[in-house]
Amino acid sequence: MRVLHSYSNHVIAAQRLERTIRSAEKGGRRPRTAPLPKPAKQKTIDEIEHMVNLWHQCGNILEIARTMKVHDSTVRNHLRDAGIDTTPRVLNDDDLAKIRQLKTDGHSYRQIAHKTGWSLSSVGKALRTR
């Protein structure tokens, strides 16, 4: 019984395949394909200049991406193409001394971050490594 059932399944599948092939040869049936994805909207020169201006103002890729409603890699690629190095900065001794001096003067972490241009977490890490 199992053999007969298995055989009939194969026969039915083969018949269905033959019908599909004949229909395709006649041109009666178009193949089913997924729609092609829409190409990404290309950024205009004004939009790229706006990205560069925002970079010079804030220096934060994620903030620029949120402002312009694009992915951060899009911002990074356009800035790189514009000749801007977006590799992360490293705290040097002068920056570290300035951060420590501002803290001894009584400034909060947030105020220090705003005055030095470093993130709040970078200021905190710099002050914890004494």
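Since we're looking at a predicted model, the values are computed, not measured.

Description of the packing of helix 2 (residues 45-58) against helix 3 (residues 61-68)
The interhelical angle for the contact between helix 2 and helix 3, taken along N-to-C directions, is 140 degrees, at an axis separation of 10 Å. Compared by their axis directions, helix 2 and helix 3 come out oblique. Helix 2 and helix 3 meet at a crossing whose hand is right-handed. On helix 3, the residues that touch Glu-47, His-50, Met-51, Leu-54, Trp-55 and Cys-58 of helix 2 are Ile-61, Glu-63, Ile-64, Thr-67 and Met-68. Among the residues making up the contact of helix 2 with helix 3, the classes are represented as seven nonpolar, two polar and two charged.

Some thoughts on helix 5 (residues 93-104)
The end-to-end C-alpha separation of helix 5 is 16 Å, in line with the 16 Å expected for twelve residues at 1.5 Å each. In this structure Asn-92 caps helix 5, since a side-chain oxygen of it lies 3.2 Å from the backbone nitrogen of Asp-94. Backbone geometry just downstream of helix 5 places Gly-106 in the positive-phi region, at approximately 100 degrees.

Parameters at a glance
- Residues numbered from 1 in each chain as written.
- Predicted model: local features only at pLDDT ≥ 70, side-chain atom pairs only at ≥ 80, totals over all residues.
- Heavy atoms only, no water.
- Axes fitted to C-alpha atoms, helices over the stretch in contact; angles between N-to-C directions.
- Helix = DSSP H or I, 4+ residues; strand = E, 2+ residues; numbered from the N terminus.
- Parallel < 35°, antiparallel > 145°, perpendicular 65-115°, else oblique.
- Left-handed = near helix turned anticlockwise from the far one by under 90°.
- Contact = heavy atoms within 4.5 Å.
- Nonpolar A, V, L, I, M, F, W, Y, C, P; charged D, E, K, R; others polar.
- Expected span 1.5 Å × (residues − 1).
- Polar contact = N/O pair within 3.5 Å; in protein donor to acceptor, adjacent residues only side chain to side chain.

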